[in-house]
Amino acid sequence: AVGEIVLVVIGILIALQINNWNTQKKQTTTELEILKNILENLNSDIQDMELNISIYNTAQKSTTEVFKSLSNPLYNNDSLNFYFGNLKNGALFLETTSAFENLKTIGFEIVKNDSLKKSIMHIYGKQYQFIENLEGGHTEFLQTKLHPLILDNIITNTPTNAKPVNIAELRKNHRFKETLKYNNGWVSLLLEQYSSTIVEVELLIEQIEFELEQRK
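Scoring rules and cut-offs
Residues numbered from 1 in each chain as written. Predicted model: local features only at pLDDT ≥ 70, side-chain atom pairs only at ≥ 80, totals over all residues. Heavy atoms only, no water. Axes fitted to C-alpha atoms, helices over the stretch in contact; angles between N-to-C directions. Helix = DSSP H or I, 4+ residues; strand = E, 2+ residues; numbered from the N terminus. Parallel < 35°, antiparallel > 145°, perpendicular 65-115°, else oblique. Left-handed = near helix turned anticlockwise from the far one by under 90°. Nonpolar A, V, L, I, M, F, W, Y, C, P; charged D, E, K, R; others polar. Salt bridge = Lys/Arg side-chain N within 4 Å of Asp/Glu carboxyl O. Buried < 20%, exposed > 50% of the residue type's maximum accessible area, 1.4 Å probe, protein only. Contact = heavy atoms within 4.5 Å.

Novice: Looking at this structure, how should I read the packing of helix α4 (residues 114–153) against helix α6 (residues 174–214)?
Specialist: Two numbers describe a pair of packed helices, the interaxial angle and the distance between the axes. Contact geometry of α4 with α6 gives a least axis separation of 9 Å together with a crossing angle of 160°. Judged by the angle between their axes, α4 and α6 are roughly antiparallel. Remark: the crossing between α4 and α6 carries left-handed chirality. Here the contact of α4 with α6 is built from residues that sort into 23 nonpolar, 13 polar and five charged.

Structure follows, in structure tokens:
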């Protein structure tokens, strides 16, 4: 009878061990799948940020050239109409967060590498949030400060081609020129944040790729 009890206990322990092993295997499979999806999302995010950098570079160049033309009556540039048309440029970072949201639902503890887990949370919880905050501030600035001045003083021929209603009067418009300066400051901040975020995202991509390679 004792022997039978021992055999039953051993059988139960083996069954529990097999169940635990299966559970761990499923968790590992889920973890690696999430990391692969995050990797895809991050690569997509870099493309989006690089596009926005291009847009903001044009906005910065436009602000600089227009300011020169307003500060110096003798300054001339064949592309001034293009620059006047791109003064109001802005962009929004459309990050892909589906994999990260899935990770939040399942639980961060599923990621076994603590360093990797912290890096993922830093990118989505801090870097991306900072960009969103900056963009929100810049969008409000454009809508409430710059766009009204553009409507009053600029004739838009096409979305990227415009000219002043009266260039002589615009040169005397202190508010318009100061608003351009402030806009340039916003754009510079956004360009810096995009660039630094891309560097950190690329480092996270390397971390994830290394983790996936190690776990093959």
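Novice: So what exactly am I meant to see when it comes to the pattern of salt bridges here?
Specialist: It is possible for side chains of opposite charge to pair when their charged atoms get near one another. Applying the stated criterion to the full structure yields eight salt bridges. Note that Glu101 and Lys104 form a salt bridge whose closest N and O atoms lie 3.5 Å from each other. Here the residue Glu101 and the residue Lys104 both occupy positions in helix α3 (residues 98–106), the gap between them amounting to three residues, near one helical turn. Judged by its relative accessible area of 36%, Glu101 falls in the partly exposed class. Notably, a salt bridge pairs Glu178 with Lys181, separated by 3.1 Å at the nearest N-O pair. Of this pair, Glu178 and Lys181 both sit in helix α6, three residues apart, which is roughly one turn of that helix. Exposure remark for Glu178: the relative accessible area of 25% places this residue in the partly exposed category. The network of salt bridges with common partners includes Glu31, Glu211 and Arg215.

Novice: For this particular structure, what's the right way to read the side chain of Glu31?
Specialist: Relative to the assigned elements, Glu31 resides in helix α1 (residues 2–71). Those residues in contact with Glu31 that sit more than four places away from it in its chain are Ile110, Val111, Lys112 and Arg215.

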